[in-house]
Amino acid sequence: MEIKNLSYAYTKGHLILNKLNLKVTPGAITTLMGANGSGKSTLLKIMSRQMKPSRGRVLLHGKDIFSYPPKDYARELGIVHQQNRIIGDLKVKDYVSYGRNPYLKPLQKYSAEDREEIERAMEMTGITELGQREIRTLSGGQKQRVFIAMALAQCSDILLLDEPTTYLDIKYQLEILRLVKKINEERNTTIVMVLHDIMQAINYSHEVIGMYHGKIVYQGDPKEVLNSRVISKLYDTELELIEVGGASIVKPKED
Ligand SMILES: Nc1ncnc2c1ncn2[C@@H]1O[C@H](COP(=O)(O)OP(=O)(O)OP(=O)(O)O)[C@@H](O)[C@H]1O
């Protein structure tokens, strides 16, 4: 996927994304980092076609993403949003099954292959036992795995995750990050996600992208971003690196 000269404004004259250029590395886990309001979610919304760019283009396999029929695009790219709204008393397995809709013709029932992919997605995310539970009765960590399972059933080569660990305690945060790593390794899925925890971004990504006021100011090796000058700029606050027991920790400078 390639983003060329992309700009976006919610209100006229106020650019949220500003002439952004980016090549997503296929098969890698890429994490978008940056302060609140730097444009990360806006970028994911455009990549998933929820919004059209004001200027510029997003290309997939050399073709503008808006030229793909909706079902074709859903087979190429899946997204797990920051907040998923679950309607009524939907059961886990029924929800995960929606991931196969891009493969169905009108009025067609799920095929053996569809059912297999649904089972595979549920197994990979560890929710097989929860199949008949209503989603609203699940814990935050379980719900997040259900949302990821639905996207997995789509069998897309690209998966976007907007803050997949938000609202989860540390155990479930790590569980989700390990799952993301497993999806990338076992399915070779290209992952682009937003994370707020700097150390998690560094530990679970092959590449990080630093966004600052709608521009990309860094793309590359996660460890290099720890260079305090880049980190301090990204978060508009003075940060420094310290070594603790052989590991690098980012901390506020004045403390
Ligand atoms: N629907 C909207 N209408 C107007 N402005 C919006 C809308 N959605 C987002 N914005 C503004 O666009 C800017 C970028 O928002 P965005 O959500 O993309 O940032 P972000 O980097 O994902 O932030 P966060 O880390 O807080 O989730 C912010 O200033 C935000 O207020």
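Please refer to the structure placed before this passage.
To start, this report covers the structure provided alongside it. (Residues numbered from 1 in each chain as written. Predicted model: local features only at pLDDT ≥ 70, side-chain atom pairs only at ≥ 80, totals over all residues. Heavy atoms only, no water.)

**Section: the layout of surface pockets**
And then number 1: Computed from the structure, the second largest pocket encloses a volume of approximately 240 Å³.
And then number 2: Taken together, 16 residues line the second largest pocket, and the ones lying closest to its centre are Gln 82, Gly 140, Lys 143, Phe 147 and Tyr 167.
And then number 3: Residues belonging to the lining of the second largest pocket are distributed by class as follows: six nonpolar, seven polar and three charged. (1 Å grid on protein atoms, 1.4 Å probe; cavity = no way out; pocket = protein on both sides within 12 Å on 5 of 7 lines; lining within 4 Å. Points joined across faces, edges and corners; volume = space filled by probe spheres on them. Nonpolar A, V, L, I, M, F, W, Y, C, P; charged D, E, K, R; others polar.)

**A few points about a nonpolar patch on the surface**
And then number 1: Taken together, Ile 242, Val 244 and Ile 249 make up a surface patch of nonpolar side chains, about 210 Å² in accessible area.
And then number 2: Relative to the helices and strands, Ile 249 resides in strand S12 (residues 247-252). (Patch = residues over 30% accessible without salt bridge, like charges linked within 9 Å, V, L, I, M, F, W, Y side chains within 5 Å. Areas by Shrake-Rupley, 256 points an atom, 1.4 Å probe, with all protein chains shown as cover. Salt bridge = Lys/Arg side-chain N within 4 Å of Asp/Glu carboxyl O. Helix = DSSP H or I, 4+ residues; strand = E, 2+ residues; numbered from the N terminus.)

**Some details on the packing of aromatic side chains**
And then number 1: As enumerated under the stated definition, the model contains four aromatic pairs in all.
And then number 2: When the ring of Tyr 8 is compared with that of Tyr 10, the centres are 4.9 Å apart and the planes differ by 85°; the resulting orientation is edge-to-face.
And then number 3: Owing to a relative accessible area of 11%, Tyr 8 belongs among the buried residues under this scheme.
And then number 4: According to the relative accessible area criterion, Tyr 10 is partly exposed, its value standing at 45%.
And then number 5: Aromatic side chains Tyr 95 and Phe 147 sit 5.8 Å apart centroid to centroid with 75° between the ring planes, which places their arrangement in the edge-to-face category. (Phe/Tyr/Trp six-rings, centres within 6.5 Å; stacked < 30°, edge-to-face > 60°. Buried < 20%, exposed > 50% of the residue type's maximum accessible area, 1.4 Å probe, protein only.)

**Thoughts on the pairing of strand S1 (residues 2-11)**
And then number 1: Judged from the six bridges that link them, S1 and strand S2 (residues 14-23) form a sheet pairing that is antiparallel. Looking across to S2, one finds that Thr 11 is bridged to His 14.
And then number 2: The loop that links S1 with its antiparallel partner S2 comprises two residues; one of these, Gly 13, has a positive phi angle of about 85°. (Pairing = 2+ DSSP bridges.)

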